[in-house]
Amino acid sequence: MALTQADILRALELVKLPASGQSLSASGRVADILIDGGKVIFAIGIDATEATAMEPVRNAAESAVSGLPGVSQVLVGLTADKAPSSAAAQARQQAQRPTPGGPTPKAAGVPGVKQIIAVASGKGGVGKSTTTANLAVALSVLGLKVGVLDADIYGPSVPKIFGITGKPRLVSGRTLAPMEAYGLKIMSIGFLIDEETPMIWRGPMVISAITQMLREVAWGELDVLVVDMPPGTGDAQLTMAQQTPLAGAVIVSTPQDLALLDARRGVAMFKKVEVPILGIVENMSYFICPECGTRSDIFAHGGARHEAERLGVPFLGEVPLAMPIRETSDSGRPIVASDPDSAHAKAYLGIARQVMASMAGGAARAAPRIVIE
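Model, not experiment: these values are computed from the prediction.

Rules and cut-offs
Residues numbered from 1 in each chain as written. Predicted model: local features only at pLDDT ≥ 70, side-chain atom pairs only at ≥ 80, totals over all residues. Heavy atoms only, no water. Helix = DSSP H or I, 4+ residues; strand = E, 2+ residues; numbered from the N terminus. Buried < 20%, exposed > 50% of the residue type's maximum accessible area, 1.4 Å probe, protein only. Contact = heavy atoms within 4.5 Å. Areas by Shrake-Rupley, 256 points an atom, 1.4 Å probe, with all protein chains shown as cover. Phe/Tyr/Trp six-rings, centres within 6.5 Å; stacked < 30°, edge-to-face > 60°. Lys NZ or Arg CZ within 6 Å of the ring centre and 35° of its normal. Pairing = 2+ DSSP bridges. Axes fitted to C-alpha atoms, helices over the stretch in contact; angles between N-to-C directions. Parallel < 35°, antiparallel > 145°, perpendicular 65-115°, else oblique. Nonpolar A, V, L, I, M, F, W, Y, C, P; charged D, E, K, R; others polar. Salt bridge = Lys/Arg side-chain N within 4 Å of Asp/Glu carboxyl O. Core = buried A, V, L, I, M, F, W, Y, C linked by side-chain atoms within 4.5 Å.

1. Re the overall build of the chain
Right, on to step 1. Helix and strand content of the chain: 12 helices and 15 strands.
Right, on to step 2. Burial analysis of the chain (373 residues in total) assigns 50% to the buried set.
Right, on to step 3. Partitioning the contacts of the chain with sequence separation of at least 6, the portion at a separation of at least 24 is 74%.
Right, on to step 4. Here the chain has roughly 16,700 Å² of accessible surface; of this, 54% comes from carbon and sulfur atoms.

2. Remarks on unusual backbone geometry
Right, on to step 1. Positioned with a positive phi, Tyr182 is a non-glycine residue whose angle comes to about 55°.
Right, on to step 2. By the element assignment, Tyr182 lies in the loop between strand E8 (179-181) and strand E9 (184-188).
Right, on to step 3. Judged by relative accessible area, which is 38%, Tyr182 ranks as partly exposed.
Right, on to step 4. Backbone geometry at Glu274 places phi at a positive 65°, although glycine is not the residue there.
Right, on to step 5. Following the sequence through the fold, Glu274 ends up in the loop between helix H8 (257-272) and strand E12 (277-283).

3. Overview of the side chain of Glu62
Right, on to step 1. Here Glu62 lies in helix H2 (residues 51-66).
Right, on to step 2. A relative accessible area of 11% means that Glu62 is categorised as buried.
Right, on to step 3. When neighbours within four sequence positions are excluded, Glu62 is seen to be in contact with Val74, Val76 and Arg174.

4. Quick look at the packing of aromatic side chains
Right, on to step 1. Taken as a whole, this structure holds 1 aromatic pair when the rule is applied.
Right, on to step 2. Its end group placed over the ring of Tyr286, Arg295 keeps NZ or CZ at 4.3 Å from the ring centre.

5. Remarks on the sheet that holds strand E2 (residues 39-45)
Right, on to step 1. Taken in spatial order, the 3 strands make up an open sheet running E1-E2-E3, and their pairing is mixed. Taken across any chain shown, the strands that pair with only one partner, and hence form the sheet edges, are strand E1 (30-36) and strand E3 (73-79). Strand-to-strand twist across the sheet, computed as the mean angle between neighbouring axes with direction ignored, equals 10°.
Right, on to step 2. Sheet topology places E1 next to E2; 5 bridges connect them, and they run antiparallel. In the strand pairing of E2, Asp36 is matched with Lys39.

6. What to know about the packing of helix H4 (residues 128-141) against helix H12 (residues 343-360)
Right, on to step 1. Packing of H4 against H12 brings their axes to within 8 Å, and their N-to-C directions diverge by 70°. In terms of axis orientation, H4 runs roughly perpendicular to H12. Residues Thr130, Thr131, Asn134, Leu135, Ala138, Leu139 and Val141 of H4 lie in contact with H12, whose contacting residues are Tyr348, Leu349, Ile351, Ala352, Val355 and Met356.
Right, on to step 2. Looking at side-chain class alone, the contact of H4 with H12 contains 10 nonpolar, 3 polar and no charged residues.

7. Comments concerning the pattern of salt bridges
Right, on to step 1. Counted by the stated rule, this structure contains 12 salt bridges.
Right, on to step 2. For the salt bridge of Asp223 with Lys114, the shortest nitrogen-to-oxygen distance reads 3.3 Å. With Asp223 in strand E10 (residues 222-228) and Lys114 in strand E4 (residues 113-120), the pair connects residues that are 109 residues apart, well separated along the chain.
Right, on to step 3. Several salt bridges converge on common partners, so that one network encompasses Glu55, Arg58 and Glu62.

8. Considering the nonpolar core
Generally speaking, a soluble globular protein has its nonpolar side chains buried in company with each other.
Right, on to step 1. Ranked by internal contacts, the top residues of the largest apolar core, which has 84 residues, are Ile117, Phe162, Ile186, Trp219, Leu225, Phe270 and Val355.
Right, on to step 2. Sorting elements by how many residues they give to this core places H12 first, with 7 residues.
Right, on to step 3. Excluding residues that lie within four positions of it along the chain, Phe270 makes contacts with Ala118, Ala120, Gln237, Leu246, Ala249, Ile251, Val275 and Ile277.
Right, on to step 4. Membership of the second largest hydrophobic core comes to 22 residues, among which are Leu3, Ile44, Met54 and Val65.

Such coordinate-based values are descriptive only and should not be taken to indicate function.
Written out as structure tokens, the structure reads:
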């Protein structure tokens, strides 16, 4: 018999809240229950001040649901939709803000991972995931030990681009073993759910999922972890910037003005949270007709280079709009791996060399504690 939400809630009746003794099911705190075969994912709503006290409840909920017949894996997140409004809580928040001129609180790194970089875009549809995959393979070709984290919860593309099927295995407790392809270690929410399952999650659950994939995966020893960010400048980007010592961000844009407006916002967001900009990539920069050899600037040309110059950040290079890049991505064979001698692969390798040089120029900075008013 297939698992149902009612089965999950019945199991959670055995989990009691520490203060009231009320069952977790009756408390109304359980939300966003997702069942995909034997995988169960749900959120527990909390006040921001309850995070420490509710961690044992989260563990108990996970254990309770794990004991149900047919359950193979459980992911439970604590979510706080609103900041506490009491005067005492506001005072605690004020006390936690950085003191001007004082030391910046350090974000915890990921054990074994030397540097983490984010690949981001201000909007979707600009080829960010394809850029992430080929940049990661290129960095590996250049001699680095590389991992890829697909943080695009709503639209995970990394499993498709790398041609990976199957589910990650548990190595101990809640820790997952990453999947592997082309010498890379890879993790994505796409490995944990069916590819047709819609991720109808609120921001806090997205943040929880990203944090768990970042910190509860046995990455091993990596020189760099490349993170494929969701498009935009919202919760996921702020979470990565606040909770992770990012070495920098690569911004992907197409050349036209509409895309550059969003790329500009992405640059501004990362600068606001003190994440170095490693550079801007102009994707779909031009098109060469495979039949006649005529060049067409379908999305204009040179806009990202000019924007990088205007903003005072590095310009990493141009990648054309090309059928081989699309075909190899669709077939799960990133072009840097499948055709390393092609002009397209060499474009990604050039970008990777510049990213390596930028990373070598400074250690990953300690992520600041940012208070968003």
